[in-house]
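Reading the structure
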Amino acid sequence: MGRGAAMVTAVEPRGTAAGDPAGPEPQDPAGPARPGRIVRAVRTAVVPLALIGLTALAGVVLGRVYAGDLLTRLVIGAAAWSVLVSVAARRLPSWLVAPVSVAAMAGWTLWSLRLTATRAGLPGSLLEVTADAARNGIPRLLTAMIPVEPTPDTVLVPVVAAWLAGLAGAEVALRTGRVLLGYLPAAGLYAAALYVVGPNAEPAIGATLAFVTVAAIGLAAPTGAPPAGGDPSAGLAPRVRAAVRLRLAATAALGVALVVGLVALLGPLVANQVDGRPVDPRRYVEPPQVQTLDENPLIRISGWALHPEQKLLDVSTARPGTTPATGSPAEGAAPSAANGVRIRLAVLSDYDGVTWRVGATYRNAGRNLPATAPAPDSTVETIEQQITVADLSGQLLPAVATPREVSGARVAYDPATGTLIRPEGLTPGLRYTVTSAQEKPDPNLLATANVPAGEQVARVLRVADGVPDPLRRLAAQLAEENGAPYSRAEAIEQFLAEHYRVAADAPSGHAYPNLGFFLFGPRNAGGQEGTSEQFAAAFAVLGRLSGLPTRVVVGFESNGQGPVQAGDAYAWPEVLFDGLGWVPFNPMPQPNNEPRPVEEDFRPTPEDPPPSEAPEPTVEPTATPEPVAAPAGPNNHGGVSTPVLVAGGSGGLLLLVGALLLTLLAMRRSLTRARLSRGDPGQRIAGAWREVTDALRLAGRPVGDDLAATEVARHARQTLADALHRAGSRSGGGPAAPDSTVTGGSAAPGGNVTNAGPGGNVTNPGPGGNVTNAGPGGAANGGHTGTGPGVDELADLLNRMAFAPDAATPDQATRAAEVVTAYVTALRSARPWWRRLLWSTHPAPLRRRP
């Protein structure tokens, strides 16, 4: 008993001896575990909530460039569910959590895609929508018009990224206890959202402060049980305790000094970037592009005129009502669809003296298109049309101006021109519904309306160089007799309607020579007649020469119901007036009206008619190169070692490749010599033209067979200008041209292009004359230079040969060889070095007959 009592006494704490009347103090069995439970509960709640908040804030930042708050809600849902799945599965093995979470992510993502597809009215099954979104999600997100409409392809990437960030952060922070490291996925997602938004929204100061606050709260949450007894150094010897506290103080001071130093070093750099404009990642992504026929649909008018019965569209129109631009109800609203409507296909605002072009920058858009403020003095009529595509091809999507909502088709939109495209192209049977806000100017204000001026309308006032003198004199005389802008426009409209006739079989073309022949050419040779292409283009050019901002529109005239045929296609000009917007004009003559003769003051010396812009079809059968016989393999002798066999095989392969390259080089040079030096002059000029088209194909910018020679020449000039610009960018010195001098529209290889102004100097004595053009973008005295030496001259020779094949002279053939040699050399020298090596051995031109 005595020994046992001594042992019990030894283990009893002080104040609990046997003689102590107070006795041992009772203890709560749950007391020691309660602090740990509280810590674990706080940690379990605070850290996941912080991760959800940080990930959700990335959706808040990104949602600022989206229409509505649907994207933000979807990202918040992805953030919450991803973290909660990891919390619920924390007792599972770590390798099993990821598959479970990914399965849940697939369900949330599919539900999000179905929701957005339903709201956007996109056709197709869920599988088709998901496949399309997965294939095009990133490009469409970066090329979408702002505000971005939540559609499957614009929400897929943010939702999946938010889920993966929540999953990674939860696993690192909750399983390993490294909360700060678990913040990295959410911080990366937040930075990516800021980068994608770029300069397209206000600075996210509030969201960033919230991000820092939530991160601090998560870090402040305790990560373990507090030490029993308070200060862990209280039980140490005084000397040891002092040393520990001194070390802790020194470490804290060093950390504070490091933070202060980093702030002092990086603070000015960060402060300088606060007011800077963020980089827009959209500039690195090419928006949707269109084909040549869609860039210049004006050239399709003549083809449609020859087949007027071809069915292009089926249209059903409804007019909900008419309201003034101020928004109040209009008196006499016309809900009937009996009135005719103009269905617009494309708006062409750019003219370089050869071609009218749309010149649009298309951005992927959702169902709701960005609204533009209507002209103050116009009436806005809402028109809803259901359009079914029949035989209309291309990418341009017809709609009444100005479209506000499109359902049933995925579209890209250019707000500057109001032109719609379907990037995938039109297909027979495609049906879509478009709601438009059609503006109607007040006719009582037109007579006194003025036209705008300044930089904002410079695009639609620009007159390309090389205007024929008769065209200038006609515009000047019409302007002198009519002072007011609307009177000038009416005078041009009336002059064209009274002096010219419509001819469905007139050749396509609206370059300066074509317009000159249309306006002043002899009637017995095909002059003074054309399609709406020539009428609209002549009006627009005469208007710009008279100081009117003009553009050309291509579309269809419809009664609003039923089929739209090729014969309904036509082009019309529009003039921009202050307060009234774009006003259409109709310079077409009335049916059965005999045109009056053009006054002598407006008629130059009769000249030959210009050639049609339709290229002469050429038959170029494919020439199959002779097959190269495979080398016989070496005899297998037992005494030859493996290294010798490998070396011999490698050497033989190199020799074979070298022989093949030399053969291709010789064949290419022989082909060029045959094209440029053999045959009669006409064949040599045609061969030179094939050298140009082959060069464009080797440069990755091939031309279609439907382009006219002038169109190909313009394309060739632009290709060389782009190549020179890229070459200058690579060298760090900006775009530059080869160093030679252009004389009479040509340049020797390696020369400096001298140009009197943008777009080159066009010298043309009239229809059928030579066009000397140093190319757009050229500038004298060290300015930007260089586009296709003399390629316009070569196109002119080809057009002349088309009308008079036997009239070509040997000097002209020699000149064509010089021009094409200079152009091909300049284009090849602008390519990267490795492409220049492959240029001379590429076998593609060998498929074309000399």
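Scroll up to find the structure.
What you see as residue numbers is a count from 1 along each chain, following the sequence as written. It should be noted that, the model being predicted, local features are given only for residues of pLDDT at least 70 and side-chain atom pairs only at 80 or more, the latter also being counted only at that level, while totals for whole chains, interfaces and linings use all residues. Values reported for side chains reflect all heavy atoms of the structure, with hydrogen atoms and water molecules removed beforehand.

1. Things to note about the side chain of Thr 419
We count it as follows: For helices the rule is a DSSP run of H or I covering at least 4 residues; for strands it is a run of E covering at least 2, with both sets numbered from the N terminus onward. Type-normalised accessible area, obtained with a 1.4 Å probe on protein chains alone, sets the label of each residue: buried when under 20%, exposed when over 50%, and partly exposed for intermediate values. Here a polar contact means two N or O atoms within 3.5 Å. Within protein one must be a hydrogen donor candidate and the other an acceptor candidate, and residues neighboring in sequence count only if both atoms are side-chain atoms. What makes two residues a contact is simply this: any of their non-hydrogen atoms within 4.5 Å.
Secondary-structure assignment places Thr 419 in strand β9 (residues 419-421). For Thr 419, a relative accessible area of 2% translates into the label buried. At 3.0 Å, the side chain of Thr 419 forms a polar contact with the side chain of Thr 417. The residues touching Thr 419, leaving out its near neighbours within four places in the chain, are Leu 345, Ala 346, Val 347, Val 358, Tyr 362, Leu 396, Ala 412, Tyr 413 and Asp 414.

2. Observations concerning helix α16 (residues 532-545)
Spelled out, the test is: One less than the number of residues in a helix, times 1.5 Å, gives the span that helix is expected to have.
Given a rise of 1.5 Å per residue, 14 residues ought to cover 20 Å, and the 20 Å separating the end C-alpha atoms of α16 matches this to within 8%. Counting buried residues in α16 gives 13 out of 14 residues, a clear majority hidden from the surface. One or two steps after α16, the chain reaches Gly 547, where phi turns positive at roughly 90°.

3. Observations regarding the pairing of strand β10 (residues 431-441)
Applied cut-off: A strand pair is defined by DSSP finding two or more bridges across the two strands.
Pairing between strand β6 (residues 378-389) and β10: eleven bridges, direction antiparallel. Its bridge partner being in β10, Glu 381 is matched across the sheet by Gln 438. Here strand β7 (residues 403-407) pairs with β10 via four bridges, running antiparallel. Paired with Ser 407 across the strands is Thr 433, a residue of β10.

4. Notes on the pattern of salt bridges
Oppositely charged side chains can pair when the atoms bearing their charge come close. Here is the rule we go by: In what follows, salt bridge is the name for a side-chain nitrogen of Lys or Arg lying within 4 Å of a carboxyl oxygen of Asp or Glu.
One pass over the full model with this rule turns up 25 salt bridges. Across the pair Asp 694 and Arg 675 runs a salt bridge, and its minimum N-O distance is 2.6 Å. A residue pair is termed long-range when its members are at least 10 positions apart, and Asp 694 in helix α18 (residues 681-698) and Arg 675 in helix α17 (residues 642-677) qualify at 19 residues. The residues Asp 694 and Arg 675 share a single accessibility class, namely buried. The network of salt bridges with common partners includes Asp 132, Arg 135, Arg 140, Asp 153, Arg 410 and Glu 424.

5. Quick word on the packing of aromatic side chains
Within a pair of aromatic rings, the relevant descriptors are the distance that separates the centres and the angle that separates the planes. How we decide: Ring pairs shown here join Phe, Tyr and Trp side chains whose ring centres sit within 6.5 Å, with only the six-membered ring taken for Trp; geometry is labelled stacked below 30 degrees between planes, edge-to-face above 60, and tilted in between. Should the NZ of a Lys or the CZ of an Arg lie within 6 Å of a ring centre and within 35 degrees of the ring normal, that charge is described as sitting over the ring.
The final tally for this structure, using the stated rule, is twelve aromatic pairs. On the basis of an interplanar angle of 65° and a centroid distance of 6.0 Å, the ring pair of Phe 495 and Tyr 500 is categorised as edge-to-face. Pair check on accessibility: Phe 495 and Tyr 500 agree, each one buried. Aromatic rings pair up to connect Tyr 486, Phe 539, Phe 577 and Phe 585 into one cluster. Sitting above the plane of the Trp 572 ring, Arg 342 keeps its charged end 5.0 Å from the centroid. The cationic tip of Arg 551 hangs over the ring face of Trp 582; the distance from NZ or CZ to the ring centre is 4.0 Å.

6. Thoughts on the sheet that holds strand β13 (residues 550-558)
We count it as follows: Between N-to-C directions, angles cover 0 to 180 degrees, with each direction set by a line fitted to C-alpha atoms, over the stretch in contact for helices.
Strands sit in the order β2-β13-β15-β16 across an open sheet of four strands; the sheet is antiparallel. Each edge of the open sheet is held by one strand with a lone partner, namely β2 (341-348) and β16 (581-584). Neighbour to neighbour, the strand axes of the sheet diverge by 40° on average, direction disregarded.

7. As for the nonpolar core
To be explicit about the condition: Side-chain atoms within 4.5 Å are what join buried Ala, Val, Leu, Ile, Met, Phe, Trp, Tyr and Cys residues into a set we call a nonpolar core.
Counting residues in each nonpolar core, the largest one holds 82 residues, and the members touching the most others are Leu 496, Phe 556 and Phe 577. In terms of residues, this core owes the most to one element, α16, which gives eight residues. Among the nonpolar cores identified, the runner-up in size contains 48 residues, and Ala 58, Trp 163, Val 197 and Ala 215 belong to it.

8. Details of the environment of Asp 377
Among the secondary structure elements, Asp 377 is positioned in the loop between β5 (363-365) and β6. Owing to a relative accessible area of 35%, Asp 377 belongs among the partly exposed residues under this scheme. Remark: the alpha-carbon pair of Asp 377 and Glu 439, spanning 62 residues in sequence, is separated by 9.6 Å. Discounting chain neighbours no more than four positions away, the residues touching Asp 377 are Pro 441, Asp 442, Leu 445, Gly 579 and Leu 580.

9. Side note on the sheet that holds strand β8 (residues 411-414)
One open sheet accounts for three strands, arranged β5-β8-β9; its pairing is antiparallel. The sheet is open, and its two borders are formed by β5 and β9, each paired with just one other strand. The average angle at which neighbouring strand axes cross in this sheet is 40°, direction not considered. Bridge count between β5 and β8: three bridges; the pairing is antiparallel.

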